[in-house]
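For reference, the chains in residue letters:
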Amino acid sequence: MKIAVLALQGAFIEHERMLARLGISSFEIRRRQDLEESFDGLIIPGGESTVMGKLLRELCLFEPIRAKILAGLPVFGTCAGLILLARRVANDERLNFAVMDITARRNAYGRQLGSFNTRADFAGLREIPMVFIRAPYIESAGEKAQVLAEVQGRIVAARQNNLLVTAFHPELSDDFTVHQYFSDMVAGGLCPRVEGLE
Ligand code: GLN
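Here we summarise the structure given alongside this text. (Residues numbered from 1 in each chain as written. Predicted model: local features only at pLDDT ≥ 70, side-chain atom pairs only at ≥ 80, totals over all residues. Heavy atoms only, no water.)

A separate point is the overall build of the protein chain. Counting its secondary structure elements, the protein chain contains five helices and 12 strands. Its C-alpha radius of gyration of 15 Å places the protein chain within 12% of the 16 Å reference for a compact globule of 198 residues. By principal-axis analysis of the C-alpha atoms, the protein chain measures approximately 40 × 40 × 30 Å. For the protein chain, restricting intrachain contacts to residue pairs at least 6 apart in sequence, the fraction spanning at least 24 positions comes to 65%. For the protein chain, the accessible surface area stands at approximately 8,800 Å², while carbon and sulfur atoms represent 46% of it. Of note, the protein chain has its 23 positive side-chain charges centred 4 Å away from the centre of its 24 negative side-chain charges. (Helix = DSSP H or I, 4+ residues; strand = E, 2+ residues; numbered from the N terminus. Rg over C-alpha atoms; globule rule 2.2 N^0.38 Å. Contact = heavy atoms within 4.5 Å. Areas by Shrake-Rupley, 256 points an atom, 1.4 Å probe, with all protein chains shown as cover. Lys, Arg positive; Asp, Glu negative; His and termini not counted. Charge placed at Lys NZ, Arg CZ, Asp CG, Glu CD.)

Here it is, written out as structure tokens:
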């Protein structure tokens with residue numbers, strides 16, 4: 001299994017370390033030629049969604065990656081990655097991949113509470129540490145999206161077919177649960193493609 005990590009900006013190295021500790025090989029996507037390598041899954045890290053969206057387009061990565069996602073490539077987006085995957089962003093008109101039937105709210109916890117740590121159940125598996133950094137939350141999830149975690153009554157992790165998103169940063173803790181969950185998705189083979197989207 002080989003997992004690509006989008007490495008334009010943000011917390012990508014931490015994901016690579018997490019994968020390495022799970023014995024999963026990874027490589028970085030920085031430019032269009034990197035997409036020629038074959039890979040089974042993609043991680044879109046946290047960072048700044050506006051910057052990443054801009055760089056994806058400037059580097060001509062946006063369309064080919066979106067096509068792969070729509071074809072069923074398993075993708076895990078953390079924080080800014082969640083925003084890039086959301087079909088709707090409540091407080092931002094700019095849309096990016098817009099493939100997941102969720103409404104995200106950027107910087108949703110306000111300035112003072114922007115960054116915090118907590119623990120909550122993930123996918124009914126176990127309670128895990130959750131690190132939030134100027135995080136979004138999922139204001140609403142469509143029927144096809146399955147809620148995997150909630151904190152303070154807000155959705156902070158969800159899955160829809162081949163798409164997994166967390167508002168928090170599992171790569172900044174030493175708990176492997178979410179990365180293991182994603183690698184199980186990837187091992188399951190090509191996930192069903194995103195329905196009803198073009
Ligand atoms: N606030 C960032 C954004 O809106 C996300 C923060 C993060 O990825 N840690 O893109």
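Having put the structure on the table, let's press on.
Moving on, we come to the site of the ligand. All residues in the neighbourhood of the ligand are listed as Gly 46, Gly 47, Glu 48, Ser 49, Cys 79, Ala 80, Ile 83, Arg 106, Asn 107, Ile 133, Arg 134 and His 169. Note that an oxygen atom of the ligand is positioned 2.8 Å from one of the backbone N or O atoms of Gly 47. Here a nitrogen atom of the ligand sits 3.0 Å away from a polar atom, N or O, in the main chain of Arg 134. When grouped by side-chain class, the residues that make up the shell around the ligand number four nonpolar, five polar and three charged. (Near = heavy atom within 4 Å. Polar contact = N/O pair within 3.5 Å; in protein donor to acceptor, adjacent residues only side chain to side chain. Nonpolar A, V, L, I, M, F, W, Y, C, P; charged D, E, K, R; others polar.)

What follows is about the pattern of salt bridges. This structure, assessed with the given rule, holds 11 salt bridges. Between Asp 101 and Arg 88 there is a salt bridge, and its shortest N-O distance comes to 2.9 Å. Separated by 13 residues along the polypeptide, Asp 101 in strand β6 (residues 100-105) and Arg 88 in strand β5 (residues 86-89) bring together distant segments of the chain. Residue classification places Asp 101 among the buried residues on the basis of a relative accessible area of 15%. Within this structure, Glu 48, Asp 92, Arg 94, Arg 106 and Arg 134 form a network of salt bridges that share partners. (Salt bridge = Lys/Arg side-chain N within 4 Å of Asp/Glu carboxyl O. Buried < 20%, exposed > 50% of the residue type's maximum accessible area, 1.4 Å probe, protein only.)

What follows deals with the side chain of Asp 34. Considering the arrangement of structural elements, one finds Asp 34 in the loop between β2 (25-29) and β3 (41-44). Among the residues examined, Asp 34 registers a relative accessible area of 15% and is labelled buried. The residues contacting Asp 34, other than those within four sequence positions of it, are Phe 27, Glu 28 and Ile 29.

So, about the packing of aromatic side chains. Counted by the stated rule, this structure contains nine aromatic pairs. On the numbers, 4.9 Å between centres and 5° between planes, the contact of Phe 62 with Phe 97 is stacked. Here Phe 62 is found in helix α3 (residues 62-70), whereas its partner Phe 97 is found in the loop between β5 and β6, with 35 residues between them in sequence. Here Phe 62 falls in the buried class, since its relative accessible area comes to 9%. Measuring from ring centre to ring centre gives 5.4 Å for Phe 122 and Tyr 181, while their planes differ by 85°; the resulting arrangement is edge-to-face. Linking Phe 122 in strand β7 (residues 115-122) with Tyr 181 in helix α5 (residues 177-187), this pair joins segments that are 59 residues apart in sequence. Residue Phe 122 is classed as buried on the basis of its relative accessible area of 0%. Taking NZ or CZ as reference, Lys 2 lies 5.3 Å from the ring centre of Phe 27, over its face. The ring of Phe 62 is capped by Arg 57, whose NZ or CZ atom sits 4.2 Å from the centre of that ring. (Phe/Tyr/Trp six-rings, centres within 6.5 Å; stacked < 30°, edge-to-face > 60°. Lys NZ or Arg CZ within 6 Å of the ring centre and 35° of its normal.)

A few words on the nonpolar core. With 68 residues, the main nonpolar core has Phe 97, Phe 122 and Phe 132 as its most contacted residues. The residues contacting Phe 97, other than those within four sequence positions of it, are Ile 44, Leu 56, Phe 62, Ile 65, Arg 66, Ile 69, Leu 84 and Leu 85. (Core = buried A, V, L, I, M, F, W, Y, C linked by side-chain atoms within 4.5 Å.)

The next point concerns helix α1 (residues 12-21). Among the residues of α1, Phe 12, His 15, Glu 16, Met 18 and Leu 19 are the ones counted as buried. Seen end-on, α1 carries its buried residues on one side only, within an arc spanning 160°. Looking at α1, the residues exposed on the side facing more than 90 degrees away from the buried face are Arg 17, Ala 20 and Arg 21. Those residues of α1 that are buried lie in contact with β1 (2-6), β2, β3, β4 (75-78) and α5. (Arc of directions from axis to C-beta.)

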